Amino acid sequence: MKVWRQWTGSLPRLEDIKIPRCYRNPHISNSCTVQLHVFSDANEYAYSAAAYLRLSNDHRDQAHCSHVFGKCRNAPLRRPTIPRLELMASVMAVRISNTIQAELDIPIDNVIFWTDSLTVLQYINNRTRRFHRFVATRLEEIHEHTTPDQRNHVPGVLNPADDGSRGLPIQAFQPRCRWWSGLEFLGDSQEHWPYCDVGDIAEDDKEAITLKVSQNASTVATGSSLDELMRRFSSWSQLVRSISWLIRFVHFVFFQA
């Protein structure tokens with residue numbers, strides 16, 4: 001009840017919030033480079049994404065950032081894991097990017113996505129492992145509209161989307177707060193942006209499908225001699241069935257995955 005009263009009591013302060021809608025800066029020329037930066041984040045209660053336009057004069061090392069779009073959603077009642085929620089936030093970021101590019105008259109030179117989840121970046125960069133349906137479906141949408149080189153890692157303490165997923169009181173929305181103005185590092189040249197080696201998916205990742213080969217099939221795959229194989233199988237027909245199963249398995253892995 002106390003939280004409810006605090007929230008309703010803060011609603012009149014919404015009138016004091018003013019959002020600048022002009023994306024250009026008088027110090028930035030019309031021939032500037034335009035980038036769209038979309039940040040995403042999630043926790044057990046909510047997930048969010050925030051998008052910013054970055055206009056820069058490369059030869060003058062000047063840049064200006066403007067808030068374009070922000071969105072938050074409550075986590076489902078049946079709470080998914082944090083990696084799944086982070087992936088849902090990344091999908092939201094992709095959809096926001098598509099909406100902005102379709103509706104905004106300013107031509108955008110490139111789009112960059114940021115997340116503080118190394119697990120999501122590993123999923124997106126993966127080209128060998130297969131995933132369960134929940135993750136695979138969302139990765140398919142991300143791959144359809146983006147490429148892995150558009151993805152960057154941002155430390156959690158620097159992620160403006162963290163403000164959306166955790167929530168902020170109304171009085172925190174000052175004119176130069178992080179949610180409105182983006183991050184200070186976007187004002188620097190690209191070589192000063194955060195970088196992190198993403199790494200590979202853990203072998204025991206629960207979202208990755210582990211394909212198991214039976215002992216008989218693995219015996220065939222080792223290329224043992226015919227005599228050794230016959231000693232391991234009770235009959236010729238059993239050996240033929242095992243080899244046929246192995247052929248179907250290899251075809252599934254290399255041609256269906």
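The structure reproduced in this document is the subject of the present report.

Calculation criteria
- Residues numbered from 1 in each chain as written.
- Predicted model: local features only at pLDDT ≥ 70, side-chain atom pairs only at ≥ 80, totals over all residues.
- Heavy atoms only, no water.
- Phe/Tyr/Trp six-rings, centres within 6.5 Å; stacked < 30°, edge-to-face > 60°.
- Helix = DSSP H or I, 4+ residues; strand = E, 2+ residues; numbered from the N terminus.
- Buried < 20%, exposed > 50% of the residue type's maximum accessible area, 1.4 Å probe, protein only.
- Lys NZ or Arg CZ within 6 Å of the ring centre and 35° of its normal.
- Contact = heavy atoms within 4.5 Å.
- Pairing = 2+ DSSP bridges.
- Expected span 1.5 Å × (residues − 1).
- Arc of directions from axis to C-beta.
- Axes fitted to C-alpha atoms, helices over the stretch in contact; angles between N-to-C directions.
- Salt bridge = Lys/Arg side-chain N within 4 Å of Asp/Glu carboxyl O.

**A word on the packing of aromatic side chains**
Line of reasoning, step 1. Summed over the entire model, instances satisfying the criterion amount to seven aromatic pairs.
Line of reasoning, step 2. A ring pair is formed by tryptophan 4 and tryptophan 7, whose centres lie 5.5 Å apart and whose planes are at 35°; its orientation type is tilted. Placement of the pair is tryptophan 4 and tryptophan 7 together in helix H1 (residues 2-10), with a separation of three residues, close to one helical turn.
Line of reasoning, step 3. Take tryptophan 4: its relative accessible area is 52%, and that puts it in the exposed class.
Line of reasoning, step 4. Aromatic side chains phenylalanine 173 and tryptophan 180 sit 5.6 Å apart centroid to centroid with 50° between the ring planes, which places their arrangement in the tilted category.
Line of reasoning, step 5. Judged by its relative accessible area of 23%, phenylalanine 173 is partly exposed.
Line of reasoning, step 6. Following the ring pairs from residue to residue traces out a cluster consisting of Phe39, Tyr52, Trp114, Phe185 and Trp193.
Line of reasoning, step 7. Directly above the aromatic system of phenylalanine 134 lies the positively charged group of arginine 138, at a separation of 3.7 Å from the ring centroid.
Line of reasoning, step 8. Sitting over the face of the ring of phenylalanine 113, arginine 151 holds its NZ or CZ atom 4.4 Å from the ring centroid.

**Quick notes on the environment of tyrosine 45**
Line of reasoning, step 1. Structurally, tyrosine 45 is set in the loop between strand E1 (33-42) and strand E2 (46-57).
Line of reasoning, step 2. For tyrosine 45 and isoleucine 82, which are 37 residues apart along the polypeptide, the C-alpha to C-alpha distance reads 9.8 Å.

**Some details on the environment of alanine 49**
Line of reasoning, step 1. For alanine 49, the position within the fold is in strand E2.
Line of reasoning, step 2. Separated by 41 residues in sequence, alanine 49 and serine 90 place their C-alpha atoms 7.8 Å apart.
Line of reasoning, step 3. In this structure, alanine 49 is in contact with Phe39, Ser40, Phe69, Gly70, Lys71, Ala89, Met92, Ala93, Ile96, Ala161 and Trp179, ignoring residues within four places of it in sequence.

**Points about the pairing of strand E4 (residues 110-115)**
Line of reasoning, step 1. In terms of burial, E4 is largely enclosed, as five of its six residues are buried.
Line of reasoning, step 2. Alignment of E1 against E4, held across six bridges, turns out to be parallel. By the bridge assignment, phenylalanine 39 is partnered in E4 with tryptophan 114.
Line of reasoning, step 3. Note that E4 and strand E5 (residues 151-153) share three bridges and pair parallel. Opposite phenylalanine 113, over in E5, you have arginine 151 as the bridge partner.

**Notes on helix H4 (residues 133-145)**
Line of reasoning, step 1. Here H4 is 13 residues long and its end C-alpha atoms lie 19 Å apart, about the 18 Å a rise of 1.5 Å per residue gives.
Line of reasoning, step 2. Within H4, the full set of buried residues consists of Val135, Leu139 and Ile142. Seen end-on, H4 carries its buried residues on one side only, within an arc spanning 60°. Among the exposed residues of H4, those pointing more than 90 degrees away from its buried face are Arg133, Glu140 and Glu144.
Line of reasoning, step 3. Of the surrounding secondary structure, the elements contacted by the buried residues of H4 are helix H2 (82-103), helix H3 (118-125) and E5.

**Regarding the sheet that holds E5**
Line of reasoning, step 1. Read from one edge to the other, the open sheet built from five strands follows the order E3-E2-E1-E4-E5, with strand pairing classed as mixed. Of all strands in the sheet, those with a lone pairing partner are strand E3 (62-74) and E5, marking the two edges. Within the sheet, the average angular offset between the axes of one strand and its neighbour, ignoring direction, is 25°.
Line of reasoning, step 2. Across the sheet, H3 touches E4 and E5, and the angle it forms with E5 is around 155°.

**Topic: the pairing of E1**
Line of reasoning, step 1. Along E1, nine of the 10 residues are buried, which leaves the element largely enclosed by surrounding structure.
Line of reasoning, step 2. Relative to E2, E1 runs antiparallel, the two being bridged by 10 bridges. Looking at the pairing, histidine 37 lines up with tyrosine 52 of E2.
Line of reasoning, step 3. Taking the residues that link successive antiparallel strands as the turn, the E1-E2 hairpin has three residues.

**Quick look at the pattern of salt bridges**
Line of reasoning, step 1. Counted according to the given criterion, the structure contains four salt bridges.
Line of reasoning, step 2. For aspartate 162, the salt bridge identified is with arginine 166, shortest N-O distance 2.7 Å. With a gap of four residues between them, aspartate 162 and arginine 166 both fall in helix H5 (residues 161-166), about one helical turn apart.
Line of reasoning, step 3. Classification of arginine 166 by relative accessible area gives exposed; the value is 60%.

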